[in-house]
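A look at the structure
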Amino acid sequence: MKAVGLRLRPDEGAFPGVDRALARAADVTREDLSNLEWLDDGTYLLLYRLRADGREAIETVLESHEEVIEYDVVESATGTFAAFVHVEERPSLSALLALVDEHALLLQQPFSFDPDGVTVTVVGSGDALQGAFADVGEELPVDVEWTGEFEPDRDATLARLTGRQREALQAAYDLGFYETPRAASYEEIGEALGCAPSTANELLRRAEAALVAGVLD
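- Looking at an unreviewed UniProt entry, the protein carries the name Helix-turn-helix domain-containing protein, with the source organism given as Halorubellus litoreus.

Shown next as structure tokens:
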């Protein structure tokens, strides 16, 4: 069984519909899409993990969106919010999910968000994965971040990280960023990653937040 880490690059870094509405909200941050279920009637059940100034910021987006059938928002002990959202069907998303079903693939959740797009791990046989990639087309830009054997016992906490976040953590660790006293700067990490220091800072901040949430949630 093979596993492939993909980065999807939809317009504005978010999928059309309620996902893009949440992404555009200045006071809401999408941490991950913890669960996605495609129902028989074509609608979707979504479970987001979000950060926001308060529950009202999330509810304002969901209440006003025409595709939302129903929703519920719950605050966790760590200050993040879980948003359960039932939404109408989007043909473009259904086409991708149908492709996954057709090739007998598994989307390993959660899906993680960062400024560069959406990351997801896809699991299946080598032939099935190759067939699916051949059928994707050019409607949604997709980058392959890594490939390897599927590891069913892999720590679920590490699965919260995107490939780029793992790369940033590894670079920071190798450079001595987590030593005492600190032996590396964001400038040096950014140089190792080929990005700006501010981007390195953001990648590490999100990676560290995901790891803490994975331990404490």
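That shown, we press on.
1. Quick notes on the overall build of the protein
- A count of helices and strands for the protein gives seven helices and eight strands.
- Expected size for 217 residues packed as a compact globule is a radius of gyration near 17 Å; at 18 Å, the protein falls within 12% of this value.
- Taking the principal axes of the C-alpha coordinates as reference, the protein spans close to 55 × 45 × 30 Å.
- Looking at the protein as a whole, 43% of its 217 residues qualify as buried.
- Excluding contacts between residues fewer than 6 apart, the proportion of contacts in the protein whose partners are at least 24 apart in sequence is 62%.
- Total accessible area on the protein stands at roughly 11500 Å², and carbon and sulfur atoms take up 50% of it.
- In the protein, which carries 17 positive and 43 negative side-chain charges, the distance between the mean positions of the two groups comes to 5 Å.

2. Observations concerning the sheet that holds strand β4 (residues 68-75)
- Taken together, the eight strands give an open sheet; going across it, the order is β4-β5-β3-β2-β6-β7-β1-β8, and neighbouring strands pair in antiparallel fashion. The outermost strands of the open sheet, each flanked by one partner alone, are β4 and β8 (142-149). Between one strand axis and the next, the sheet turns by 20° as a mean value, whatever way the strands run.
- Helix α2 (residues 55-64) rests against β2 (28-38), β3 (44-52), β4 and β5 (81-87) of the sheet, and its axis sits at about 175° to β4.
- Lying on the sheet, helix α4 (residues 126-136) is in contact with β1 (2-8), β7 (117-124) and β8; it crosses β1 at an angle near 20°.

3. Thoughts on the pattern of salt bridges
- The final tally for this structure, using the stated rule, is eight salt bridges.
- Residue Asp32 is joined to Arg49 by a salt bridge in which the shortest nitrogen-to-oxygen separation is 3.0 Å. Here Asp32, found in strand β2, pairs with Arg49, found in strand β3; they are 17 residues apart in sequence, far enough to count as distant.
- Between Glu202 and Arg206 there is a salt bridge, with its nearest N and O atoms 2.7 Å apart. Of the two residues, Glu202 and Arg206 both sit in helix α7 (residues 197-216), four residues apart, roughly one turn of that helix.

4. Quick notes on the UniProt feature "domain: HTH bat-type" (unreviewed entry) in the protein
- When the UniProt feature table is mapped onto this chain, "domain: HTH bat-type" (unreviewed entry) is found at residues 161-212.
- As a span, residues 161-212 carries 71% helix and 0% strand, and end to end its C-alpha atoms are 11 Å apart.

5. Observations regarding the pairing of β1
- The element β1 is extensively covered by neighbouring structure, given that six of its seven residues are classed as buried.
- Note: β1 against β7, seven bridges, orientation antiparallel. Of the residues in β7, the one forming a bridge with Leu6 is Val120.

6. Examining the nonpolar core
- Ranked by internal contacts, the top residues of the largest apolar core, which has 34 residues, are Leu46, Tyr48, Ile58, Leu62, Ala83 and Val85.
- Setting aside residues no more than four positions away along its own chain, Leu46 makes contact with Val18, Leu33, Asn35, Leu36, Ala83, Phe84, Val85 and Val87.
- The next biggest cluster of nonpolar side chains, apart from the first, holds 15 residues, and it includes Ala168, Ala171, Cys195 and Leu203.

7. Focus: the environment of Leu107
- Inspection of the secondary structure puts Leu107 in strand β6 (residues 106-114).
- It is 10.0 Å that separates the C-alpha atoms of Leu107 and Asn35, two residues lying 72 residues apart in sequence.
- Apart from residues no more than four positions distant in its own chain, Leu107 is found in contact with Leu97, Val100, Val120, Thr121 and Val122.

8. Details of the pairing of β5
- Within β5, five of the seven residues are buried, which leaves it mostly tucked inside the rest of the structure.
- Pairing between β4 and β5: seven bridges, direction antiparallel. Note that in β5 the partner of Val73 across the bridge is Ala83.
- The antiparallel pairing of β4 with β5 creates a hairpin that spans five residues between the two strands, and Gly79 there sits at a positive phi of about 95°.

9. Section: the packing of helix α5 (residues 163-175) against helix α6 (residues 186-193)
- Look at α5 against α6: their axes get within 10 Å of each other, and the N-to-C directions meet at 125°. Considering the angle they form, α5 stands oblique to α6. Pair α5 / α6 crosses with right-handed handedness. Where α5 abuts α6, its residues Arg164, Glu167, Ala168, Ala171, Ala172 and Leu175 lie against Glu188, Ile189, Ala192 and Leu193.
- Residues of the contact of α5 with α6, tallied by class, amount to seven nonpolar, no polar and three charged.

Cut-offs and rules
- Each chain carries its own residue numbering, running from 1 in the written order of its sequence.
- It should be noted that, the model being predicted, local features are given only for residues of pLDDT at least 70 and side-chain atom pairs only at 80 or more, the latter also being counted only at that level, while totals for whole chains, interfaces and linings use all residues.
- Heavy atoms from the whole structure form the basis of all side-chain values; hydrogens and water molecules are not counted.
- Secondary structure elements follow DSSP: runs of H or I of four or more residues count as helices, runs of E of two or more count as strands, with numbering from the N terminus.
- Radius of gyration: over C-alpha atoms. The globule rule applied is 2.2 Å multiplied by the number of residues raised to the 0.38 power.
- Classification of residues uses two cut-offs on accessible area relative to the type maximum, computed with a 1.4 Å probe and protein chains only: under 20% is buried, over 50% is exposed, and between them is partly exposed.
- Residues count as neighbours in contact if any of their non-hydrogen atoms are within 4.5 Å of one another.
- All accessible areas in this document rest on Shrake-Rupley with a 1.4 Å probe, and a residue is counted as covered only by the protein chains that are shown.
- Neither His nor the chain termini are counted; the positive set is Lys and Arg, and the negative set is Asp and Glu.
- Lys charges are placed at NZ, Arg charges at CZ, Asp charges at CG and Glu charges at CD.
- Each pair of strands is called paired provided DSSP finds at least two bridges between the two strands.
- With axes taken as lines fitted to C-alpha atoms, and helix axes fitted only over the stretch in contact, angles between N-to-C directions fall between 0 and 180 degrees.
- In what follows, salt bridge is the name for a side-chain nitrogen of Lys or Arg lying within 4 Å of a carboxyl oxygen of Asp or Glu.
- UniProt positions are given in the numbering used here, feature names are shortened, and annotations may be inferred rather than shown by experiment.
- Definition used in this section: a nonpolar core is a set of buried Ala, Val, Leu, Ile, Met, Phe, Trp, Tyr and Cys residues joined via side-chain atoms within 4.5 Å.
- For classification, angles of less than 35 degrees are called roughly parallel, those exceeding 145 degrees roughly antiparallel, those between 65 and 115 degrees roughly perpendicular, and all remaining angles oblique.
- Handedness of each helix crossing follows the sense of rotation of the near helix against the far helix: counterclockwise by less than a right angle gives left-handed, clockwise gives right-handed.
- Polarity classes work like this: nonpolar for Ala, Val, Leu, Ile, Met, Phe, Trp, Tyr, Cys and Pro, charged for Asp, Glu, Lys and Arg, and polar for all others, with Gly in that last group.

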